[in-house]
Amino acid sequence: MKNNQIKRRAFLTSAVAAGAAAATFNFPMPAIASGKRQWKMVMTWQKVLPGLGTGAIRLAKRITDLSDGKLEIKVYGGGELVPAMGVFDAVSQGTAQMGHAAPYYWLGKSRGAAFFCGVPGGLTAQEQNGWLYFGGGKRLWDELYAQFGLIAFPAGNTGCQMGGWFNKEINSKNDLKGLKMRMPGLAGEVLTKLGGSAQVIPPQELFTAMQSGVIDALEWVGAWNDMSLGFHRVSKYYYGPAFQEGGPTLELMINKKEFDKLPKNLQKIVKVACAAENDVMMAEYHANNVRAFQSLKYKHKVDIRQYPADVLKAFFDTAKGVVADVANDGAIEKRIYESYEKYRKYSVDMAPYAELGFMKERKNG
Ligand code: CA
């Protein structure tokens, strides 16, 4: 047989086989061929957790809706597909394409990740967004996460948090000595330096740990989230504000290879949906926090206090050294710290003439 006859016969054979298969089994078209992708989003939160969990679900739904189902996101709560603290590795290795989390959970990968979330004595939510979007922060984040095959976008914020719940009165920095307090990450290092005993306990175990006296104090988020977990029922005092997080950014991390393979319009949809969630979640937190605060203060008659001035000073002063020490971890960590710290100093300089000055005068009105 001549070459073209062989080719023709081979074509006919495969065409007949394909036709027979299609007629017999009616194979569905692979999702990718129909232009549809089904992705998994894992997260560190439980799905029902107000704000963090519900916000991540809203983000997934928006990506699905905006893409008209071309990028369909199925959400798995913490522990459903991978352990809550396994999100980073799962997305890095491609077990899931996306993960919703807080970058400061990944200090074991690089302590530099903390800056893309929030560090003790660091930036507020508004400042954090300024640094990330327009101050060079996002470029450094991209550079750090690329080492792990990841790209991430700001995708939520709790706003300034509360200091925490206490069963011991804090009248001076001496009262921090021996204090067993749930306080993770760099803030935990600050507490340790001040003589406290920093504990790392997952949120679902905090109520029992406080009730049974395993810990003397805990920090979680703020009025809305804290009230939903019932901490006011097992604590005597609620102190604020947090020194540990002035407005932590949450992240949507994505496996970079998978993100790069997306058509440009789907990449844009992911980015815009993240920016929207970054904004909406913070508004949702503020609106619910102010309502929950009223409820805690007047309905539940919680003893809400400001930390004494010397305690706040000790927290903020000690935080400076702990945060600066991250710069010793490596070249990229040094550049991240220097960029962040420069932005923080600029903002501190302006603050009395901006929100800080405004709110100080507004307090009695
Ligand atoms: Ca917290």
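Given the structure is predicted, the values throughout are model-derived calculations rather than measurements. (Residues numbered from 1 in each chain as written. Predicted model: local features only at pLDDT ≥ 70, side-chain atom pairs only at ≥ 80, totals over all residues. Heavy atoms only, no water.)

### Points about the packing of aromatic side chains
Next, step 1: One pass over the full model with this rule turns up 22 aromatic pairs.
Next, step 2: Seen from the ring of Tyr76, Lys74 lies directly overhead, with NZ or CZ sitting 5.2 Å from the centre. (Phe/Tyr/Trp six-rings, centres within 6.5 Å; stacked < 30°, edge-to-face > 60°. Lys NZ or Arg CZ within 6 Å of the ring centre and 35° of its normal.)

### Some points on the environment of Gly222
Next, step 1: Among the structural elements, Gly222 can be located in the loop between strand S8 (217-218) and helix H8 (223-228).
Next, step 2: Setting aside residues no more than four positions away along its own chain, Gly222 makes contact with Met162, Met227, Tyr238 and Asn289. (Helix = DSSP H or I, 4+ residues; strand = E, 2+ residues; numbered from the N terminus. Contact = heavy atoms within 4.5 Å.)

### Here we look at the coordination of the calcium ion
Next, step 1: For the calcium ion, every protein donor is listed as Gln161 (OE1), Glu219 (OE), Glu219 (OE), Trp220 (O) and Glu245 (OE), and the spread of their distances is 2.1 to 2.8 Å.
Next, step 2: If you list the donors of the calcium ion from N- to C-terminus, the spacing comes out as Q-x57-E-W-x24-E. On the criterion of sequence distance, the pair formed by Trp220 in the loop between S8 and H8 and Glu245 in the loop between strand S9 (237-240) and strand S10 (249-255) is long-range, its members being 25 residues apart.
Next, step 3: With a relative accessible area of 4%, Glu245 lands in the buried category. (Donors = N, O, S within 2.8 Å, 3.2 Å for Na, K, Ca; no water. Buried < 20%, exposed > 50% of the residue type's maximum accessible area, 1.4 Å probe, protein only.)

### Some details on the sheet that holds strand S7 (residues 197-199)
Next, step 1: An order of S7-S6-S8-S5-S9-S11 is seen for the six strands of this open sheet, with the pairing classed as mixed. At either end of the open sheet lies a strand with only one pairing partner, and these are S7 and strand S11 (303-306). (Pairing = 2+ DSSP bridges.)

### Observations concerning the side chain of Gln97
Next, step 1: Mapped onto the elements of the fold, Gln97 is located in the loop between helix H3 (87-93) and strand S3 (98-101).
Next, step 2: Separated by 2.7 Å, the side chain of Gln97 and the backbone nitrogen of Lys40 make a polar contact.
Next, step 3: In contact with Gln97, not counting residues within four places along its chain, are Gln38, Trp39, Lys40, Val91, Met253, Ile254, Asn255 and Glu258. (Polar contact = N/O pair within 3.5 Å; in protein donor to acceptor, adjacent residues only side chain to side chain.)

### Topic: unusual backbone geometry
Next, step 1: For the bond from Gly240 to Pro241, the omega torsion is -5 degrees, close enough to zero to count as cis.
Next, step 2: Topologically, Pro241 is positioned in the loop between S9 and S10.
Next, step 3: Phi at Asp68 takes a positive value of approximately 55 degrees, unusual for a residue other than glycine.
Next, step 4: Here Asp68 shows up in the loop between helix H2 (52-66) and strand S2 (71-76).

### Regarding the nonpolar core
Next, step 1: In this structure, Phe115, Trp131, Tyr145, Phe166, Met253 and Phe315 are the most contacted members of the largest nonpolar core, which totals 54 residues.
Next, step 2: Residue contacts for Phe315: discarding those within four places in its chain leaves Leu176, Val190, Leu191, Leu194, Phe243 and Tyr307.
Next, step 3: In this structure, Trp45, Ala56, Leu59 and Ile201 belong to the second largest nonpolar core, which totals 49 residues. (Core = buried A, V, L, I, M, F, W, Y, C linked by side-chain atoms within 4.5 Å.)

### Comments concerning the pairing of S2
Next, step 1: Here six bridges tie strand S1 (residues 37-43) to S2, and the two strands are oriented parallel to one another. Bridge pairing in S2 links Lys40 to Lys74.
Next, step 2: Running through H2, the crossover from S1 to the neighbouring parallel element S2 is right-handed. (Right-handed = clockwise from strand over helix to strand, strands pointing away.)

Functional significance is not addressed by these values, which are geometric in nature.
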